[in-house]
Amino acid sequence: MRSTVGSRSGTIRYVTTDQPFLADCRARLAFDLLANTWNAVVLWALRHGPVRHGELRDRIGGISQKVLTETLRRLEFNGLVTRRAYGGAPPRVEYELTELGRSLLDPIEAFGVWAFEHGDEVMAAQERCTRDS
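Residues numbered from 1 in each chain as written. Predicted model: local features only at pLDDT ≥ 70, side-chain atom pairs only at ≥ 80, totals over all residues. Heavy atoms only, no water.

Taking an unreviewed UniProt entry as the reference, the protein is identified by name as Helix-turn-helix domain-containing protein belonging to Streptomyces shaanxiensis.

(A) Region of the structure containing the overall build of the protein. The helix and strand tally for the protein stands at 6 helices and 5 strands. Along the protein, from the amino end to the carboxyl end, the secondary structure elements read β-β-α-α-β-α-α-β-β-α-α. Evaluated residue by residue, the protein yields a buried proportion of 23% over its 133 residues. The long-range fraction of contacts in the protein, counting pairs at least 24 apart against all pairs at least 6 apart in sequence, stands at 37%. Total accessible area on the protein stands at roughly 9500 Å², and carbon and sulfur atoms take up 55% of it. (Helix = DSSP H or I, 4+ residues; strand = E, 2+ residues; numbered from the N terminus. Buried < 20%, exposed > 50% of the residue type's maximum accessible area, 1.4 Å probe, protein only. Contact = heavy atoms within 4.5 Å. Areas by Shrake-Rupley, 256 points an atom, 1.4 Å probe, with all protein chains shown as cover.)

(B) Representation of the pattern of salt bridges. Under the defined criterion, the tally for this structure stands at 5 salt bridges. For Glu 70, the salt bridge goes to Lys 66, with nearest N and O atoms at 3.7 Å. On the criterion of helical spacing, the pair formed by Glu 70 and Lys 66 is a turn pair, its members being 4 residues apart in helix H4 (residues 65-77). Its relative accessible area of 38% is what places Glu 70 among the partly exposed residues. Judged by its relative accessible area of 58%, Lys 66 falls in the exposed class. (Salt bridge = Lys/Arg side-chain N within 4 Å of Asp/Glu carboxyl O.)

(C) Layout of the confidence of the model for the protein. When pLDDT is averaged along the protein, the result is 86, and 82% of the positions lie at 70 or above. For the protein, strand S1 (residues 2-6) is the element with the lowest average pLDDT, namely 45, and helix H5 (residues 99-102) is the one with the highest, namely 98. Every residue in residues 1-15 is under pLDDT 50, and counting partners more than four places away or in other chains gives 25 contacts. (pLDDT = per-residue confidence, 0-100.)

(D) Highlighting the environment of Ala 30. Considering the arrangement of structural elements, one finds Ala 30 in helix H1 (residues 26-35). Sequence-wise, Ala 30 and Leu 104 are 74 residues apart; in three dimensions their C-alpha atoms are separated by 9.3 Å.

(E) Region of the structure containing the nonpolar core. Core analysis: the biggest nonpolar cluster contains 20 residues, and Val 42, Leu 43, Leu 46, Leu 56, Leu 72 and Val 81 have the highest contact counts within it. Of all the elements in the fold, those that place two or more residues in this core are helix H2 (37-45), helix H3 (53-60), H4, strand S5 (92-97) and helix H6 (105-132). No other element matches H2, which puts 4 residues into this core. Excluding residues that lie within four positions of it along the chain, Val 42 makes contacts with Leu 56, Ile 60, Leu 68, Thr 71, Leu 72 and Leu 75. (Core = buried A, V, L, I, M, F, W, Y, C linked by side-chain atoms within 4.5 Å.)

(F) Spotlight on the packing of H2 against H4. Relative orientation of the contacting elements H2 and H4 amounts to 80 degrees, with a least axis distance of 10 Å. Compared by their axis directions, H2 and H4 come out roughly perpendicular. Note on element contacts: H4 touches H2 through Val 67, Leu 68, Thr 71, Leu 72, Arg 74 and Leu 75, opposite Trp 38, Asn 39, Val 42 and Leu 43. Tallied by class, residues from the contact of H2 with H4 come to 7 nonpolar, 2 polar and 1 charged. (Axes fitted to C-alpha atoms, helices over the stretch in contact; angles between N-to-C directions. Parallel < 35°, antiparallel > 145°, perpendicular 65-115°, else oblique. Nonpolar A, V, L, I, M, F, W, Y, C, P; charged D, E, K, R; others polar.)

(G) Examining the environment of Glu 55 more closely. Mapped onto the secondary structure, Glu 55 falls in helix H3. Sequence separation between Glu 55 and Glu 94 is 39 residues, and the spatial gap between their C-alpha atoms is 9.7 Å.

(H) Structural detail: unusual backbone geometry. The omega torsion across Ala 89 and Pro 90 is -5 degrees, close enough to zero to call that bond cis. Examined against the element boundaries, Pro 90 turns out to sit in the loop between strand S4 (81-86) and S5.

As structure tokens, then:
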């Protein structure tokens, strides 16, 4: 089954809906957004409202300034986070989830619940595989 969709370039594309993981599939786009570990972590850390860069880094822990900056830029590029700069001395910048970013909180929470419920099983499988190879 094929359906017609628009693209950013204005051209019309046909997407095959009976093969769900083709390269141009929207589900693949969503999986790519969540595939980067830091994307979901940063989105989750922003769930309570606007946060400055340093506070966000402290809240997350274990993330370098460079990686946090790259992640925030990627999330902003994808429309999931907004960056708001304030004048003054010293200048202040805050990051906040957009409505689109907020719409990912439920799926991220669902992944977290799944990880809590099945993490031991996954780690046991990894250990078996390592031991057997």
